[in-house]
Amino acid sequence: MDTLRLDLRVPAGWSCWVELMRTPRGTYVGFAELSQSGIPRCALVITQQLSWDAAVERATLRADHFVRQWGAPRGH
């Protein structure tokens, strides 16, 4: 499998990298790690996607969703 790691754009104070692998069938899978101020907060699994662009889009969408939820006010 071919593997590539890249940084995703996320809100200030956060960082995210994703590692995508091309499977023998030509699809893409991977995982991502989100950190806030250098502290790891979440690991995301990127399930099988049909293209590279779709895998990056899925990782970005999941990272954005996590950041929004993490920052949302919590009830008591």
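Predicted, not measured: the structure shown is a model, and the values here were computed from it. (Residues numbered from 1 in each chain as written. Predicted model: local features only at pLDDT ≥ 70, side-chain atom pairs only at ≥ 80, totals over all residues. Heavy atoms only, no water.)

Engineer: Give me the lowdown on the environment of R25, citing residues and values where you can.
Structural biologist: With respect to the secondary-structure elements, R25 resides in the loop between β2 (14-22) and β3 (28-36). A relative accessible area of 81% means that R25 is categorised as exposed. For R25 and L44, which are 19 residues apart along the polypeptide, the C-alpha to C-alpha distance reads 22 Å. (Helix = DSSP H or I, 4+ residues; strand = E, 2+ residues; numbered from the N terminus. Buried < 20%, exposed > 50% of the residue type's maximum accessible area, 1.4 Å probe, protein only.)

Engineer: Any chance you could break down unusual backbone geometry for me, citing the residues and the numbers?
Structural biologist: A positive phi is found at S37, a non-glycine position, where the angle reads about 50°. Relative to the helices and strands, S37 is located in the loop between β3 and β4 (39-49).

Engineer: How would you sum up the nonpolar core? Please name residues and give values.
Structural biologist: In globular proteins that are soluble, nonpolar side chains generally tend to be buried together. Among the nonpolar cores identified, the biggest contains 17 residues, and V10, W14, C16, V18, L34, L44 and A63 are the most heavily contacted of them. Those elements giving two or more residues to this core turn out to be β2, β3, β4 and α1 (52-71). If one sorts the elements of this core by residue count, α1 sits on top with five residues. (Core = buried A, V, L, I, M, F, W, Y, C linked by side-chain atoms within 4.5 Å.)

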